[in-house]
Amino acid sequence: MATRRPDDPDAVLTVDHLTMRFGGLTAVDDLSFRARRGDITALIGPNGAGKTTVFNCITGFYRPSEGMLTLRHADGAAHLLERLPNHAVNRRARVARTFQNIRLFSGMTVLENLMVAQHAPLMRASGYTLLGLLGLPGYRRAEREAVAKASAWLERIDLLRRADDPAGDLPYGDQRRLEIARAMCTGPELLCLDEPAAGLNPRESADLARLLRHIRDEHATSVLLIEHDMAVVMEISDHVVVLDYGKKIADGPPREIREDPKVIAAYLGVEDEEIAEVDAEVGLTIPVAEEARP
Amino acid sequence: MAAAQTRASASPAAILRDAGLFALAAFGLCVPIVSYRTDLGNNGLELTPRWGLVAGLCAAVFVLRVVQRLVLERRAARVALTPSPHQASEPVGAEPNAGQRLPRLGLPLFVGFALFLPLIAALASGGLSPARYWIDLGILILTYVMLGWGLNIVVGLAGLLDLGYVAFYAVGAYSYALLSTVFGLSFWVCLPLAGLFAGLWGVMLGFPVLRLRGDYLAIVTLAFGEIIRLVLINWTDVTGGAAGITSIPRATFFGVPFKAGPDGFSGLFGLAFDPMHRIVFLYYLILALALITSLVTLRLRRLPLGRAWEALREDEIACRSLGIDTTKTKLTAFALGAMFGGFAGSFFAVRQGFVSPESFNFLESAIILAIVVLGGMGSQLGVAVAAVAMVGGPELLRNLGFLKAVFGEGFDPNEFRLLLFGLAMVAMMIWRPRGLIADRMPTVALGRRRAIGKDLVREGHG
């Protein structure tokens, strides 16, 4: 584990010795893993294991106490995420994310949500507003292209006919898919999804799995996701990282994870006499509470 | 149901025809009752024609009937088409009726009326000089419309509560006052400079302040407004202190002064000299400035920057996750809002010819903010209507002399201004807590734009 080099050309995201402390509470403790390019990597663990904290560190909402987060683009450019300001994680390092409690612009239409996501290219096309204010044709062309891109995504997530409805009016499952489409409209190298299947019915979950596979296969975007729905995780992920109490307890393909005794212990709990044994194995003595959120 | 259907689909032409009939009936009633007044003159009864009043009454009946019909149409349409607000979002394929189109027609109507106000006022009161009161009132209202539209960028679009907007108004006014009295620069050079200075102050205030949110932001902006006022009072060497700056040069017609003689405005255009020319010019100047504010805002809403402002109002964290630099975006909103405040301020200075810190107290900020909130945050028409009500309403009270007949000779309706204000505010809070026009029009659509209900649109939190 310690020998993993940050310049691994195969990895889109390399997390090295990530530690996040809130006062005396260590939410993430010396976590290292790697998400390979073109993979769907799942980050799983029981409630309060620190998954969302890891996400918030990767996407720039938290500044890690220790550790290094390297994001490598397909063209070889590397970005140290922990050093970038919050918005630059998306704009420069091209990491997009969704939120556990959906954060759409509910008073804006579905289409407008996707247009806001294309802020940076549109801003350039509008000459940082000055040229756009004059109504030059260059901006109008860029806007048409942005609308076309948004429409293509709406087509993909089957929401085209609701493009002009307010996002807040959509049913829950549609909102989840729209948030993913919005993140994809920023053209990310890595898409981070925080519990995308939460609250979805089985049919919607299957749709979601299809959408994620489409993103991985057709858009040169790698996916990192947090998920509780094990059926979804086992079905779509290429690689699984398991967290418990802020530490990594397993890392590997889904088949291996399913049979890993530590994972089973973390999820199902173990007999009382086995706890000390398992704790020793995990290298942990003090339980840590509550996962912190932004 | 059938009746409701036909009523719901009444065309604007039908409404106008109906209102025309009402006006005709009013005219018929007015001719015998109002059109001539009999006065006891030197040689018996004298007849004073009052056709202007007749025309005014008929016009009032016409407008009121149109408004009544539109309100009823809207209500009927809402009942007929949308049993629940959420169903309203489903495309039902119904054509919007006249009432629902009102907000879209409203702004052109407002602009059209504003364009012809001096003419209407001159005709109604028989000459330019008697119309001065109305044109002055128009100037005052338009100044507040412009300030409201400027503040609307900050509060309505970006969702940043700014209680110190009057500071930028003051910066604009003093910029013009100082630049013109000290350096002798003309109004047309000072106007952009005043806007620039106010915008710079907006950025300077914005940098330290915009990390605050909600109530904290409001308090700091309030303090900033007071600081500017206190600096103006105490920096006597430059600002003249509480006495202010006097004899600020008047506006010129693009270099041609408004004065009697061959090289003045009237001489150049072969008109008889009339001091009202300057007033009418000022009226159209502020109208143009206000319209520029409005057009820029409307256009900005369709640009990525404007969309980012609204997105910021909806959800700041989501904005950051989409790569939007929230600090810069807020700063631009602050700076642009301040810039329009600065333009309005330099207009204020050129109109008054005199500025003092008195004019820029907190009450002004409160009135401008009240206009934006009453109008409905983000709505151009709502802000215009609210400015007319907030600034024009109190003026109406001055003219309610006939109430003396009811309440006795000592009754002065002006004293009840604030009371009525308070009552109006309470009524608004009960029936229209989100302002007159709280719906939001989308900035881009694949099909037809449909207004978004106020229950979905957020107000921002700093």
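Computed from a predicted model, the values in this text were never measured in an experiment.

Rules used throughout
Residues numbered from 1 in each chain as written. Chains lettered and ligands numbered in written order. Predicted model: local features only at pLDDT ≥ 70, side-chain atom pairs only at ≥ 80, totals over all residues. Heavy atoms only, no water. Helix = DSSP H or I, 4+ residues; strand = E, 2+ residues; numbered from the N terminus. Expected span 1.5 Å × (residues − 1). Bend = angle between axes of the 7 residues up to and from the residue. Buried < 20%, exposed > 50% of the residue type's maximum accessible area, 1.4 Å probe, protein only. Polar contact = N/O pair within 3.5 Å; in protein donor to acceptor, adjacent residues only side chain to side chain. Pairing = 2+ DSSP bridges. Axes fitted to C-alpha atoms, helices over the stretch in contact; angles between N-to-C directions. Contact = heavy atoms within 4.5 Å. Core = buried A, V, L, I, M, F, W, Y, C linked by side-chain atoms within 4.5 Å. Domains from an automatic or database assignment. Patch = residues over 30% accessible without salt bridge, like charges linked within 9 Å, V, L, I, M, F, W, Y side chains within 5 Å. Areas by Shrake-Rupley, 256 points an atom, 1.4 Å probe, with all protein chains shown as cover. Salt bridge = Lys/Arg side-chain N within 4 Å of Asp/Glu carboxyl O. Lys, Arg positive; Asp, Glu negative; His and termini not counted. Charge placed at Lys NZ, Arg CZ, Asp CG, Glu CD.

Asks: Give a description of helix H5 (residues 132-157) of chain B that names residues and reports values.
Replies: Residues and elements named next belong to chain B. Its 26 residues place the ends of H5 36 Å apart at the C-alpha level, agreeing with the 38 Å of an ideal helix rising 1.5 Å per residue. Maximum bend of H5: about 40°, positioned at Leu151. Most of H5 sits inside the fold, with 22 of its 26 residues counted as buried. Looking at the residues trailing H5, positive phi occurs at Gly159, about 70°.

Asks: Can you tell me about helix H14 (residues 326-352) of chain B, naming the residues and giving the values?
Replies: Residues and elements named next belong to chain B. Compared with the 39 Å implied by 1.5 Å per residue over 27 residues, the 39 Å span of H14 between its first and last C-alpha is a close match. A large share of H14 lies buried, amounting to 22 of its 27 residues. Near the N-terminus of H14, the side chain that reaches the backbone nitrogen of Thr327, with its oxygen 3.3 Å away, is that of Asp325. Just beyond H14, the residue with positive phi is Gly353, at close to 75°.

Asks: Which residues make up the sheet that holds strand E7 (residues 190-194) of chain A, and what values go with them?
Replies: Residues and elements named next belong to chain A. Taken in spatial order, the six strands line up as E6-E7-E8-E3-E9-E10 in an open sheet, and their pairing is mixed. Lying at the two open borders of the sheet, with one neighbouring strand each, are strand E6 (95-97) and strand E10 (247-252). Mean inter-strand twist for the sheet, computed between neighbouring axes without regard to direction, equals 20°. Pairing of strand E3 (residues 40-44) with strand E9 (residues 239-244) involves four bridges; the strand directions are parallel. When the bridges of E9 are listed, Ile44 appears paired with Val242. Sheet strands touched by helix H11 (residues 261-268): E3, E9 and E10. Its angle to E10, the strand with the most contacts, is close to 130°.

Asks: An account of the sheet that holds strand E2 (residues 25-36) of chain A is requested, with residue identities and associated values reported.
Replies: Adjacent strands of a sheet pair through backbone hydrogen bonds, lying either parallel or antiparallel. Residue and element names in this part refer to chain A. Strand order in the open sheet formed by four strands is E2-E1-E4-E5, with antiparallel pairing between adjacent strands. What marks the edges here is a single partner per strand, and that holds for E2 and strand E5 (78-80). Each strand of the sheet is rotated relative to its neighbour by a mean of 15°, with strand direction disregarded. Pairing of strand E4 (residues 66-72) with E5 involves three bridges; the strand directions are antiparallel. In the sheet register, Arg72 faces E5, and the bridge partner there is Ala78. In this fold helix H1 (residues 51-58) packs onto strand E1 (11-22), E2 and E4, with an angle of close to 115° to the strand it touches most, E1.

Asks: Break down the nonpolar core for me, with residues and values.
Replies: Leu154, Leu178 and Ile215 of chain A together with Ile135, Trp309, Val355 and Ile371 of chain B are the most contacted members of the largest nonpolar core, which has 163 residues in total. In terms of residues, this core owes the most to one element, H5 of chain B, which gives 15 residues. Looking at which domains feed residues into this core, each of domain 1 (1-94 + 187-294) and domain 2 (103-186) of chain A supplies at least three. Setting aside chain neighbours within four positions, we find Trp309 of chain B in contact with Ile153, Leu157, Ala158, Leu300, Thr329, Thr332, Ala333 and Leu336 of chain B.

Asks: Please set out the pairing of E1 of chain A residue by residue, giving values where relevant.
Replies: Residues and elements named next belong to chain A. Here E1 lies mainly inside the structure; nine of its twelve residues are buried. Taken together, the eight bridges between E1 and E2 define a ladder with antiparallel strand orientation. Across the sheet, the residue bridging to Leu13 is Ala35, located in E2. Hairpin connection, E1 to E2: the antiparallel pair is bridged by two residues, and Gly23 has positive phi, about 60°.

Asks: Describe a positive patch on the surface, with residues and values.
Replies: A cluster of basic residues, Arg140, Arg141 and Arg144 of chain A together with Arg299, Arg302 and Arg449 of chain B, forms a positive patch on the protein surface. A per-element tally of the positive patch places helix H6 (residues 137-156) of chain A first, with three residues. Here Arg449 of chain B is to be found in the segment after helix H18 (417-431).

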